[in-house]
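# Structural description and commentary
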Amino acid sequence: MAKRVVLAYSGGLDTSVMVRWLAERGFEVITYTADVGQGEELSDIPEKAKASGAVEAIVEDLREEFAREYCLPTLRSLALYEGRYPLTASLSRPLISKKLVEYAKKLSADYVAHGSTGKGNDQVRFELSVWALNPDIEVLAPVREWEFRSREDQVEYAKRQGIPVKVTKEKPYSIDRNLWGVSIECGPLEDPWEEPPEDAFQITTSPEKAPDDPEYVTVGFEEGVPVSLNGRRYERLSELIEDLNQIAGRHGIGRIDMVENRLVGIKSREVYEAPGATVLYEAYGDLLSLVTDRFTFHYFLTHVPHEYAKIVYEGLWFTPLRSALDAFTSKLAERVTGEVRLKLFKGKVSVVGRRSPNSLYVEDLATYSEKDAFDHTAGKHFTRVWGLPLKVLGRKFRSP
Ligand code: ARG
């Protein structure tokens with residue numbers, strides 16, 4: 001029986017060449033392509049895959065599953081890798097891996113394959129996710145082994161093999177896009193001192209060219225799920241995110257330029273665009289802080305965002321640790337109901353208002369007006385007790 005492999009297929013040059021390369025090595029290749037909101041037409045994918053030598057081509061719309069099961073828990077943990085990267089590309093890998101494993105089982109394939117290189121993070125995310133879900137499956141990563149040294153080599157091979165490749169003028173960037181955002185690498189970006197050229201950006205207007213008037217957007221949440229924009233309800237979270245990308249994108253929100261630590265030890269200059277995610281992080285964080293008591297909120301901030309970001313970045317999606325953190329943030333999310341009003345202006349998003357039936361803000365306690373209900377003498381005693389250790393220290397070591 002022929003060896004069968006399910007290949008994560010984008011339809012680009014790398015994975016098209018890969019179909020034939022695997023077929024030449026005796027594999028029956030089934031391609032798998034997911035729509036995770038990359039904004040590309042996928043209707044010609046099956047034809048392309050088959051022309052490259054695939055026996056079967058699967059295309060699936062995973063946008064809603066991606067939004068609900070992957071983006072949402074990450075939003076609830078306010079995870080940003082190294083404090084800035086909203087994990088756009090990192091999040092799609094475990095989902096695609098899960099589907100590869102499911103289809104491998106359904107189609108009796110012992111192998112799955114991906115198109116990641118040997119020096120990136122994505123190989124780790126694919127392989128760890130696959131093994132976590134099926135330890136017996138064999139993962140192939142042809143890019144780590146094959147003979148091609150350049151794009152030209154691949155184009156030549158494709159021509160020789162009759163693989164249809166559109167020879168477009170090569171863009172210098174490597175771009176990975178989904179509904180949570182875009183990551184852009186390579187070309188001029190490899191010099192970390194160079195400002196990213198405008199043509200690197202895919203979904204945001206530059207702040208300079210953004211409208212001269214601010215735009216306000218109100219995001220509504222129910223139990224930690226974003227459900228409305230400016231009062232309009234969305235059944236599909238993926239659509240809400242896509243619309244928010246447009247709204248915030250035209251104001252140049254969510255551009256990130258950073259040098260980050262890859263898992264394999266390399267520092268890498270990365271440019272990201274995540275307009276919708278950036279707005280949702282601001283909104284969610286603000287509402288969470290409004291409805292969460294101080295002890296719990298501080299515990300969350302200390303223990304969750306950085307830890308969760310590392311889990312996602314480092315390929316540890318399918319772990320008990322991630323599920324346990326999700327249980328914690330889902331508990332907190334139960335009270336995150338309400339609205340956040342944000343102002344978008346020239347690359348910046350600012351929360352300008354928030355309200356919630358679960359708000360812990362008590363105006364009578366906070367006010368400096370005559371409505372003030374706080375007992376100021378309690379403040380005097382509290383301060384004395386809180387500061388006691390410093391007095392003791394001072395007496396012991398500082399007194400003349
Ligand atoms: N550095 C980011 C990450 O590891 C983005 C990688 C995106 N991949 C790409 N082919 N551009 O998540």
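Residues numbered from 1 in each chain as written. Predicted model: local features only at pLDDT ≥ 70, side-chain atom pairs only at ≥ 80, totals over all residues. Heavy atoms only, no water.

## Here we look at the packing of aromatic side chains
For the record, the criterion: Stacked, tilted and edge-to-face pairs are distinguished by plane angle, under 30 degrees for stacked and over 60 for edge-to-face with tilted covering the rest, among Phe, Tyr and Trp rings (Trp via its six-membered ring) whose centres lie within 6.5 Å. Starting at the N terminus, helices and strands are each numbered in turn, a helix being any DSSP run of H or I of at least four residues and a strand any DSSP run of E of at least two. Type-normalised accessible area, obtained with a 1.4 Å probe on protein chains alone, sets the label of each residue: buried when under 20%, exposed when over 50%, and partly exposed for intermediate values. Each ring is checked for a lysine NZ or an arginine CZ that lies within 6 Å of its centre and within 35 degrees of its normal; such an atom marks a charge sitting over the ring.
One pass over the structure, following the stated rule, counts 16 aromatic pairs. Ring geometry for Phe 382 against Trp 386: centres 6.3 Å apart, planes inclined by 10 degrees, an arrangement best described as stacked. Of the two residues, Phe 382 and Trp 386 are both situated in helix H13 (residues 376–386); the distance of 4 residues between them amounts to about one turn of the helix. Across this residue pair, the class does not change: Phe 382 and Trp 386 are exposed. A connected cluster of aromatic rings, assembled from ring pairs, spans Trp 21, Trp 146, Phe 148 and Tyr 157. The residue whose ring lies beneath Arg 25 is Trp 21, and the NZ or CZ to ring-centre distance is 3.9 Å. In this structure, Arg 255 packs its charged tip against the face of Phe 201, placed 3.5 Å from the ring centre.

## Side note on the site of the ligand
Test applied: Throughout this document, a residue counts as near a molecule or strand when at least one of its heavy atoms sits within 4 Å of that molecule or strand. Within 3.5 Å is the distance limit for a polar contact, defined as a pair of N or O atoms, with the added protein rule that one can donate a hydrogen and the other accept it, and that residues adjacent in sequence qualify only through two side-chain atoms. Areas reported as accessible are Shrake-Rupley estimates using a 1.4 Å probe. Residue values count occlusion only from the protein chains shown. Any residue outside Ala, Val, Leu, Ile, Met, Phe, Trp, Tyr, Cys, Pro, Asp, Glu, Lys and Arg is labelled polar, Gly included; the first ten of those are nonpolar and the last four are charged.
The local shell around the ligand holds 14 residues, among which Tyr 85, Ser 90, Asn 121, Arg 125 and Glu 260 are the closest. In the environment of the ligand, a nitrogen atom lies 3.1 Å from a nitrogen or oxygen atom belonging to the side chain of Glu 185. Separating a nitrogen atom of the ligand from a side-chain N or O atom of Tyr 272 is a distance of 3.1 Å. Protein contacts shield 89% of the accessible area of the ligand, which totals 350 Å² for the unbound molecule. Of all the secondary structure elements, the ones that give two or more residues to the shell around the ligand are helix H4 (88–106), helix H5 (122–133), strand S6 (174–178), strand S7 (181–185) and strand S12 (267–273). Across the shell around the ligand, the residue classes break down as 4 nonpolar, 4 polar and 6 charged.

## A short note on the pattern of salt bridges
The cut-off we apply is this: Throughout this description, the term salt bridge denotes a Lys or Arg side-chain nitrogen within 4 Å of a carboxyl oxygen of Asp or Glu.
Using the criterion set out here, one finds 28 salt bridges in the structure. Residue Arg 93 pairs with Asp 122 through a salt bridge whose shortest N-O separation is 3.0 Å. Of the two residues, Arg 93 is situated in helix H4 and Asp 122 in helix H5; the sequence distance between them amounts to 29 residues. The same class applies to Arg 93 as to Asp 122, namely buried.

## Here's the deal with the nonpolar core
Rules: Here, nonpolar core refers to any group of buried Ala, Val, Leu, Ile, Met, Phe, Trp, Tyr and Cys residues whose side-chain atoms link them within 4.5 Å. When checking whether two residues touch, look at their non-hydrogen atoms; a contact exists if any pair is within 4.5 Å.
Ranked by size, the top nonpolar core spans 82 residues in total, and within it Phe 66, Leu 87, Trp 180, Phe 221, Val 279, Leu 280 and Leu 342 carry the most contacts. Of the residues forming this core, the biggest block, 10 residues, is contributed by helix H8 (residues 275–291). Contact partners of Phe 221, with chain neighbours within four places excluded, come to Pro 226, Val 227, Leu 280, Ala 283, Tyr 284, Leu 287, Val 336, Thr 337, Gly 338 and Val 340. Val 29, Val 143, Trp 146 and Tyr 157 belong to the second largest nonpolar core, which has 26 residues in total.

## Observations regarding the side chain of Glu 270
Secondary-structure assignment places Glu 270 in strand S12. At 2.5 Å, the side chain of Glu 270 and the side chain of Ser 268 are in polar contact. Excluding residues within four positions of it along the chain, Glu 270 makes contact with Ile 184, Glu 185, Ile 256, Asp 257, Met 258, Glu 260 and Arg 262.

## Regarding the sheet that holds strand S10 (residues 232–233)
To be explicit about the condition: A pair of strands counts as paired when DSSP detects no fewer than two bridges linking them.
Sheet architecture is open: 5 strands sit in the order S10-S9-S8-S13-S14, paired in antiparallel fashion. In the strand order of this sheet, the two ends are held by S10 and strand S14 (348–355), each with one partner. Here strand S13 (residues 338–345) pairs with S14 via 7 bridges, running antiparallel. The residue bridging Phe 345 from the neighbouring strand is Lys 348, located in S14.

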